[in-house]
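# Summary of structural features
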Amino acid sequence: MIELRKSSQRGSANFGWLQSRHSFSFGRYYDPAQMGFSALRVINDDQVAPGAGFDTHGHRDMEIISLVLDGVIAHRDSTGEVAELPAGEFQLMSAGRGIMHSEFNANPDKNLHFLQIWIEPDSVGGEPGYQQKPFAQMPGLTLVASKTGEAGSLHLKQDAKLYQLRLDAQSQLQYQAAPGRKLYVHLVSGPLSLKSAETEITLQDGDGVKIADLTDWQFVSDAQPVFALLFDLP
């Protein structure tokens, strides 16, 4: 199974200070056919006006990953964590049995652009937690988050792996998923071609693709560098 989710098909929300695109159902946007994929529940592509942001609010039983593409997030939460998240760094907030937090655009003159990702944990309750780390922006696959925290990745409360995929122009990379695993690819910037023995598909900026029961893939860039997120899911 392979299902392309075009950027233009995503849900949207405009609150003036916030403009958001939703890969899956979220807030006022509801599509029963797009309730997530495996443990992946949310990918929101958010643009936040200068100095604006999300006032203190709560979450529980969710693994929440943020990646700033442009700008800086000012973060504060009920565990006492106060931090700034600049472009290129990943943040993982484990809500556990409950956490309160706020996040604002730290720049008074420039929009904040970031991705917010929710992954359902494999167990509920537990202590909330906060992790933040930069990862080298080198070509290839870089493991960002995993169940075991292997290879210096962020520790995720789910049997899933999140990779940062970067390709130079006119290059390629092979990826083999274990049998029974699912893949989701979200393209940040590209374009990117995905090829297997059975099919070929090309993604443009903001596109996503669900993949199940197809294990061997080749990721190919053309004349432009590629930046994508690859989710290996149960």
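Look above for the structure.
Description of the structure in this document.

Cut-offs applied
Residues numbered from 1 in each chain as written. Predicted model: local features only at pLDDT ≥ 70, side-chain atom pairs only at ≥ 80, totals over all residues. Heavy atoms only, no water. Pairing = 2+ DSSP bridges. Helix = DSSP H or I, 4+ residues; strand = E, 2+ residues; numbered from the N terminus. Core = buried A, V, L, I, M, F, W, Y, C linked by side-chain atoms within 4.5 Å. Buried < 20%, exposed > 50% of the residue type's maximum accessible area, 1.4 Å probe, protein only. Contact = heavy atoms within 4.5 Å. Lys, Arg positive; Asp, Glu negative; His and termini not counted. Salt bridge = Lys/Arg side-chain N within 4 Å of Asp/Glu carboxyl O. Polar contact = N/O pair within 3.5 Å; in protein donor to acceptor, adjacent residues only side chain to side chain. Phe/Tyr/Trp six-rings, centres within 6.5 Å; stacked < 30°, edge-to-face > 60°. Lys NZ or Arg CZ within 6 Å of the ring centre and 35° of its normal.

## Observations regarding the sheet that holds strand β1 (residues 2–5)
On the basis of which strands lie adjacent, the open sheet formed by seven strands has the order β1-β20-β17-β22-β15-β13-β14 and mixed pairing. Every other strand in the sheet has two partners, leaving β1 and β14 (154–155) as the edge strands with one partner each. As paired strands, strand β13 (residues 140–146) and β14 are joined by two bridges and run parallel to one another. Across the sheet, A145 pairs through a bridge with L154, a residue of β14.

## Looking at the nonpolar core
Side chains of nonpolar character tend, in soluble globular proteins, to be buried together. Core analysis: the biggest nonpolar cluster contains 25 residues, and L40, F90, L229 and F231 have the highest contact counts within it. At four residues, strand β22 (residues 226–233) tops the list of elements feeding residues into this core. Each residue touching L40, except ones within four places of it in the same chain, is listed here: F24, I117, W118, I119, Y184, F231 and L233. Counting residues in hydrophobic clusters, the runner-up holds 22 residues, among them L173, L203, L214 and A228.

## Re the side chain of E89
Among the structural elements, E89 can be located in strand β9 (residues 89–94). Here E89 sits buried without a salt bridge, and the closest side chain of opposite charge, K133, lies 11 Å off (N-O distance). Here the side chain of E89 touches Q132 through a polar contact of 2.8 Å, side chain to side chain.

## Considerations on the packing of aromatic side chains
Geometrically, a pair of aromatic rings is defined through the distance of the ring centres and the angle of the planes. Under the definition given, this model contains seven aromatic pairs. Between W17 and F54 the ring centres are 5.2 Å apart and the planes differ by 80°, which places this aromatic pair in the edge-to-face class. Remark: F54 occurs in strand β5 (residues 53–59) and W17 occurs in the loop between β2 (11–14) and β3 (18–22); sequence separation between them is 37 residues. Residue W17 is classed as partly exposed on the basis of its relative accessible area of 31%. Taken together through their ring pairs, the aromatic side chains of F24, F37, Y184 and F231 make up a single cluster. Geometry around F227 places R166 over its ring, the cationic atom sitting 3.8 Å from the centre.

## Observations concerning the environment of I73
Position of I73 among the secondary structure elements: in strand β7 (residues 72–77). Relative accessible area serves as the criterion here: at 1%, I73 is assigned to the buried category. On a C-alpha basis, the gap between I73 and L156 in space is 21 Å, while along the polypeptide they are 83 residues apart. Setting aside its immediate chain neighbours within four residues, I73 contacts S66, V68, A83, E84, L85, E103, F104, L112 and F114.

## Details of the pattern of salt bridges
Counted under the stated rule, the structure contains ten salt bridges. The partner of D61 in a salt bridge is R60, with the nearest N and O atoms 3.4 Å apart. D70 is the salt-bridge partner of K110, the closest N and O atoms lying 3.1 Å from each other. Taken as a pair, K110 in the loop between β10 (99–105) and β11 (112–119) and D70 in strand β6 (residues 63–70) lie far apart in primary sequence, 40 residues in all. Classification of K110 as partly exposed rests on a relative accessible area of 38%. Assessed through its relative accessible area of 32%, D70 is described here as partly exposed.

## Remarks on the environment of D45
Among the secondary structure elements, D45 is positioned in strand β4 (residues 40–48). Among the residues examined, D45 registers a relative accessible area of 15% and is labelled buried. Residues D45 and N107, 62 residues apart in the sequence, show an inter-C-alpha distance of 18 Å. Sequence-distant contacts of D45, that is, excluding residues within four places in its chain, are made with R10, Q19, S20, R21, H113, F114 and L115. Reaching out from D45, the side chain makes a polar contact with the side chain of H113 at a distance of 2.6 Å.

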